[in-house]
Amino acid sequence: MRKLRGLLLLVTATFLLLSLSGCGVNVSTKSPENVTKSIIQAYIKGDENAVKQCFGLSKKDKVPSELSQEVNYNMNLFQAHGAESVKFTKCESLGNFNGFELVYVIYNMEKQEKNSETLEIPAMSFYYVQKKQKKYYIVPAKDVTEDMSENSRKEYRKFMKTDEYKTYERDYRQFIRKNPSYEEDLSKSLQKITDSNKQ
């Protein structure tokens, strides 16, 4: 299994971009864990307004260029997985660093196969979260400093020794053994979506 890059706050695994009218995500900013789960749900639903809310923006706010690139990449990545729903396994803070919470979330993306079976794809993501006016918001990648990145690396190395990580790693390895072409197919799908969006 390829080593997880687990740094900063880029999502390491993704879901289907569903453009379903009337199916918006109910974003919760009450805790670091809630907003982290909310942004995963927003990406899987393809709900750009909910994603903006997780970053502390309103529906009317224009998304800054660098943040727009981050959002678009993750939208494409989630779409490439083709998942339809998500089950959260674990979501906790790895600690506070200069006022920012480093939160990890482990989850299974669920994809309906043609044979009516459900494919469960193990995934894990890391985000920095900050508190503003009693609410919690995701920190954009562009705002993650070198010190924050170094802290991410340090905490990730420690996290790799936990039962939570070892369980995730075991589940992912089993998934790849059963679906050996999955990562290659994902890469091709992502490239196809990216190329299509450039047209």
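Structure: see above.
Described in the following lines is the structure provided in the data block. (Residues numbered from 1 in each chain as written. Predicted model: local features only at pLDDT ≥ 70, side-chain atom pairs only at ≥ 80, totals over all residues. Heavy atoms only, no water.)

What follows covers the sheet that holds strand β4 (residues 135-138). Across the sheet, which stays open at both edges, the four strands sit in the order β1-β2-β3-β4 with antiparallel pairing between neighbours. Strand pairing shows two members of the sheet lacking a second neighbour, β1 (85-97) and β4, which therefore form its edges. Averaged over all neighbouring strand pairs, the angle between strand axes comes to 30°, with direction disregarded. Sheet topology places strand β3 (residues 118-132) next to β4; four bridges connect them, and they run antiparallel. (Pairing = 2+ DSSP bridges. Helix = DSSP H or I, 4+ residues; strand = E, 2+ residues; numbered from the N terminus. Axes fitted to C-alpha atoms, helices over the stretch in contact; angles between N-to-C directions.)

For the rest of this paragraph, the subject is the pattern of salt bridges. Inspection of every chain in the model, using the stated rule, returns nine salt bridges. Taking the shortest distance from any N to any O, the salt bridge between E155 and K158 comes out at 3.3 Å. Taken together, the residues span about one helical turn, with E155 and K158 both in helix α4 (residues 146-159) at a distance of three residues. Taking relative accessible area as the criterion, K158 reaches 47% and is therefore assigned partly exposed. Shared partners join several salt bridges into a network, and the residues in it are E146, E150 and R153. (Salt bridge = Lys/Arg side-chain N within 4 Å of Asp/Glu carboxyl O. Buried < 20%, exposed > 50% of the residue type's maximum accessible area, 1.4 Å probe, protein only.)

Turning to the packing of aromatic side chains, a few remarks are in order. One pass over the full model with this rule turns up 13 aromatic pairs. A connected cluster of aromatic rings, assembled from ring pairs, spans Y104, F126, Y156, F159, Y165, Y168, Y172, F175 and Y182. (Phe/Tyr/Trp six-rings, centres within 6.5 Å; stacked < 30°, edge-to-face > 60°.)

Most of β3 is tucked away, with eleven of its 15 residues classed as buried. Pairing analysis gives 13 bridges linking strand β2 (residues 100-112) to β3, with the strands arranged antiparallel. When the sheet's bridge partners are listed, N108 is paired in β3 with P122. Where β2 folds back onto β3 in an antiparallel hairpin, the turn is made up of five residues, including S116, whose phi is positive at roughly 75°. Between β3 and β4, which pair antiparallel in sequence order, lie two residues; one of them, Q133, sits at a positive phi of approximately 50°.

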